[in-house]
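Residue-level structural notes
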Amino acid sequence: MEKHITKTLKVIVALLLSQIIAACSNNHLPSATLHSSNTTDIGSYKYLIGAGDVLNIFVWRNPEVSGSFVVRPDGMITTSLVEDIAVAGKTPTELARSIEEILGTYLRDPIVTVTVNQFVGPFSEQIRVIGEAAEPQAINYTQHMTLLDVMIRVGGLTEFADGDDAVLVRIENGVQKQYDILIDELLKDGEISANVDMLPGDIIIIPEAWF
């Protein structure tokens, strides 16, 4: 009788666990939205303004509306004349023309210059290195940046890294693609042909070696 009860309890527990597992398996969030960079090749790169950037906006002959502005997390700035101006995702030149159009409502023929004093940029423009890098981090892209430049920035590999099994994830035409990269060959063997061009938005994933 006791064995029968124990067996019944085991069956009940197993059924409950299967229901919990099934419920958990159907409780996944959708994958993150893909945000591709505007830069499709190394020759077309232009810096895009992002949240956290510090902008210096100069309006010729109108110092009262000129000044330094921090881009808010929502990609906006607030000026003395206009509360919300969308700035994220624009080049400094594009933003200058946009502000001239907005200020044209209040000023006669405004001439605007925009410069960036502190660079952060949109996430879609940053290079992210995760896994067995010495210092995994997000890096602001710099024109003509290569894999070697990125690895120097993150301090190389850890002793447990399998650099030649690393992958580079890149969004091309709205599709996420993976490419094999040979970081061990580049850093340890000095195989310069393993160096590749980086683009804004690239993600480098470095796995741990099995043994």
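Everything discussed here concerns the structure shown above.
Residues numbered from 1 in each chain as written. Predicted model: local features only at pLDDT ≥ 70, side-chain atom pairs only at ≥ 80, totals over all residues. Heavy atoms only, no water.

Details of the nonpolar core
Just so we agree on the cut-off: In these notes, a set of buried Ala, Val, Leu, Ile, Met, Phe, Trp, Tyr and Cys residues joined through side-chain atoms within 4.5 Å is what counts as a nonpolar core. Residue exposure (1.4 Å probe, protein chains only): buried if accessible area is under 20% of the type maximum, exposed if over 50%, otherwise partly exposed. Put simply, DSSP H or I for four residues or longer makes a helix, DSSP E for two residues or longer makes a strand, and each gets a number counted from the N terminus. Any two residues having at least one pair of non-hydrogen atoms within 4.5 Å are treated as being in contact.
In this structure, L55, I57, V129, I183, I204 and I206 are the most contacted members of the largest nonpolar core, which totals 42 residues. For this core, the elements supplying multiple residues, two or more each, are β1 (54–59), α2 (92–103), β5 (112–118), β6 (126–131), α3 (147–153), α4 (183–187) and β10 (203–206). Contacts of I183, omitting those with residues within four sequence positions, involve L147, M151, L157, G163, D164, A166, K188, I204 and I206.

Here we look at the environment of M151
Relative to the helices and strands, M151 is located in helix α3. Judged by relative accessible area, M151 falls into the buried class, the value being 1%. Placed 32 residues apart in sequence, M151 and I183 show a C-alpha to C-alpha distance of 8.4 Å. M151 has contacts with G156, L157, I183, L187 and I206, leaving out every residue within four places of it along the chain.

Observations regarding the pairing of β1
Side-chain positions along a regular strand alternate between the two faces of the sheet. Just so we agree on the cut-off: Strands qualify as paired when DSSP identifies two bridges or more between them.
By the bridge criterion, 4 bridges tie β1 to strand β2 (residues 67–70) in an arrangement that is antiparallel. Each bridged residue has a counterpart across the sheet, and for N56 the counterpart in β2 is S68. Relative to β5, β1 runs antiparallel, the two being bridged by 6 bridges. Note on β5: the bridge partner recorded for V54 is Q118.

Some thoughts on the sheet that holds β1
Rules: Note on geometry: axes are lines fitted to C-alpha atoms, helical ones only across the stretch in contact, with angles between N-to-C directions running from 0 to 180 degrees.
Overall, antiparallel pairing links the 3 strands, which are arranged β2-β1-β5 in an open sheet. This sheet does not close on itself; its edge strands, each paired only once, are β2 and β5. The sheet shows a mean angle of 30° between the axes of neighbouring strands, direction not considered. With respect to the sheet, α2 is in contact with β1 and β5, its orientation differing from that of β5 by roughly 135°.

What about a nonpolar patch on the surface?
Note the following rule: The patches reported here contain residues having more than 30% relative accessible area and no salt bridge. Joining distances are 9 Å for like charges and 5 Å for nonpolar side chains (Val, Leu, Ile, Met, Phe, Trp, Tyr). Per-residue and other accessible areas follow the Shrake-Rupley method at a 1.4 Å probe size, with only the shown protein chains counted as cover for residues. Here a salt bridge means any side-chain nitrogen of Lys or Arg lying within 4 Å of a carboxyl oxygen belonging to Asp or Glu.
A cluster of nonpolar side chains, F58, W60 and I111, forms an exposed patch at the surface whose accessible area comes to about 310 Å². A residue is classified by how much of its surface remains accessible, and F58, at 43% relative accessible area, is partly exposed.

Considering the environment of D84
Basically, it comes down to this: Counting of polar contacts relies on pairs of N or O atoms within 3.5 Å, with two restrictions inside protein: one atom must be capable of donating a hydrogen and the other of accepting it, and residues adjacent in sequence are counted only when both atoms are side-chain atoms.
Tracing the chain through its elements places D84 in the loop between β3 (76–77) and β4 (85–86). Residues contacting D84, with those up to four places away along its chain left out, are R72, M76, I77 and T78. A polar contact of 2.9 Å, which involves the side chain of D84, links it to the side chain of R72.

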